[in-house]
Structure formats: structure tokens, C-alpha cells
Amino acid sequence: MDVDLERFFDRVNFDVLMARVARKVTDRKLLKIIRTYLEAGVMIDGIVRATVEGAPQGSPLSPILSNIMLDDLDRELWRRGHRFVRYADDVRVFVRSRRAAQRVLDSVTVVVEQRLKLKVNREKSSVRHAREARLLGFGFYFTRSGVKIRVDPQAIKRLRIGSGG
């Protein structure tokens, strides 16, 4: 099951995120710096615009903040005994059947939307076989000893095309 969080970096609620950061960080000065970073605004066409939600994407802090923000989702998936992979806002959950995947997608949606105040994009989220799952240029395959990870053939193809070879 592939869970797509709709416009994750644009929609992160500052208060929800800072409450989760404060669980891990006790230094008040550092918390203030992080809050200031979040509220710094964005520059669009040379004009700085205030931000009331979201996290800057592409900075070294972005994946750390997203991992802290989505820690509750990880804990819920672990509590339920699910196998999953998540990096920043990319989430794959592995279950045994389509029916189980649909149930898990429904329950993940509740956690994400009610507890974390984010949105699951139902159109982009999907239930499919693990062989078709891709994550950050990696794919999965099966052997007698279990599931293995490999570089996704499509990622290799894109790399060859992009490098002119």
C-alpha cells in the first residue's frame, strides 16, 4: 500500500509539529529557532510572504522535521504489527491482502487526518502488489528467504537517459 500525503511540506501545522518537536527537544532556545525557521516565510517573485503552515522543502532540516511529525504514524503502524518503510512523507505499508491493505489505508487516513492534521491524497494513494512498489528509486523483489530491495529498473533507465548513455 502506497500512502500519498497531499502537499505534506505545504500543509504541516506549526503547532502540531512544534508539540512533537518539544517531545524530543527540551532546549527552549532551539525550539524558538526552529519555530522562527518555520515562520520565516517564503520568497515569491522577490517578495517575502508570511507562512502560517508548512515546512521548507529541500533543506537539511526538512526530513528531520517530517520524521518527527510522522513519528506518531510510525508508532501506530508498529503497534499494529505492520511492516512498513517511510522516509520523510513517503510511506509504503506491506500487508498480506488487498482487503487488509484497504483497511490499513482507512485507519492510516484517520491517524494522519485527525491526529496529525494532514491530508491523505486518496487519488494518489494506492493498493498494489509489493513488486510494483517504488520508494526513492528502490524496488522490492521476492526470494525464498523473503523480500529483498534493489535499485528500481526505471530509476536506472532514467539515470542512463539523463547522463546521455
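Draft legend 1. Looking closely at the overall build of the protein chain. Within the protein chain one finds seven helices and eight strands. Put simply, the protein chain has 165 residues, and 38% of those count as buried. A fraction of 54% describes how many contacts in the protein chain between residues 6 or more apart in sequence connect residues 24 or more apart. Roughly 10800 Å² of accessible area belongs to the protein chain as shown, and the carbon and sulfur atoms make up 53% of that amount. Charge separation in the protein chain, taken as the distance between the mean sites of 34 positive and 20 negative side-chain charges, equals 7 Å.

Draft legend 2. Region of interest: the environment of Ser-145. Here Ser-145 is to be found in the loop between β7 (138-143) and β8 (146-151). For Ser-145 and Ile-34, which are 111 residues apart along the polypeptide, the C-alpha to C-alpha distance reads 44 Å. Reaching out from Ser-145, the side chain makes a polar contact with the side chain of Thr-143 at a distance of 3.0 Å. A distance of 3.5 Å separates the side chain of Ser-145 from the side chain of Lys-148, its partner in a polar contact.

Draft legend 3. How the structure looks around the packing of helix α2 (residues 14-24) against helix α4 (residues 61-69). Where α2 contacts α4, the axes come no closer than 9 Å and their chain directions differ by 85°. When the axis of α2 is compared with that of α4, the two are roughly perpendicular. Of the residues in α4, those touching α2 at Val-16, Leu-17, Arg-20 and Val-21 are Leu-65, Ile-68 and Met-69. For the contact of α2 with α4, a count of residues per class yields six nonpolar, no polar and one charged.

Draft legend 4. Region of the structure containing the confidence of the model for the protein chain. Overall, the predicted model of the protein chain reaches an average pLDDT of 86, with 98% of residues at or above 70. The lowest-confidence element of the protein chain is strand β2 (residues 42-44), averaging 75 in pLDDT; the highest-confidence one is helix α5 (residues 71-79), averaging 94.

Draft legend 5. Region of interest: the pairing of strand β5 (residues 90-94). When strand β1 (residues 2-4) meets β5, the two strands line up antiparallel, connected through three bridges. Looking at β5, one finds that Val-3 is bridged to Val-91. Relative to β5, strand β4 (residues 83-87) runs antiparallel, the two sharing five bridges. Looking across to β5, one finds that Arg-86 is bridged to Val-91.

Draft legend 6. Expanded view of the sheet that holds β4. Spatially, three strands are ordered β1-β5-β4 in an open sheet, and the strand pairing comes out antiparallel. Single-partner strands in this sheet number two, and they are β1 and β4. Averaged over all neighbouring strand pairs, the angle between strand axes comes to 20°, with direction disregarded.

Draft legend 7. Structural context of the environment of Leu-65. The residue Leu-65 is located in helix α4 in this model. Since its relative accessible area comes to 3%, Leu-65 is described here as buried. When the C-alpha positions of Leu-65 and Ile-34 are compared, they lie 9.5 Å apart, and in sequence the two are 31 residues distant. Contact partners of Leu-65, with chain neighbours within four places excluded, come to Leu-17, Val-21, Ile-34, Tyr-37 and Leu-38.

Calculation notes
Residues numbered from 1 in each chain as written. Predicted model: local features only at pLDDT ≥ 70, side-chain atom pairs only at ≥ 80, totals over all residues. Heavy atoms only, no water. Helix = DSSP H or I, 4+ residues; strand = E, 2+ residues; numbered from the N terminus. Buried < 20%, exposed > 50% of the residue type's maximum accessible area, 1.4 Å probe, protein only. Contact = heavy atoms within 4.5 Å. Areas by Shrake-Rupley, 256 points an atom, 1.4 Å probe, with all protein chains shown as cover. Lys, Arg positive; Asp, Glu negative; His and termini not counted. Charge placed at Lys NZ, Arg CZ, Asp CG, Glu CD. Polar contact = N/O pair within 3.5 Å; in protein donor to acceptor, adjacent residues only side chain to side chain. Axes fitted to C-alpha atoms, helices over the stretch in contact; angles between N-to-C directions. Parallel < 35°, antiparallel > 145°, perpendicular 65-115°, else oblique. Nonpolar A, V, L, I, M, F, W, Y, C, P; charged D, E, K, R; others polar. pLDDT = per-residue confidence, 0-100. Pairing = 2+ DSSP bridges.

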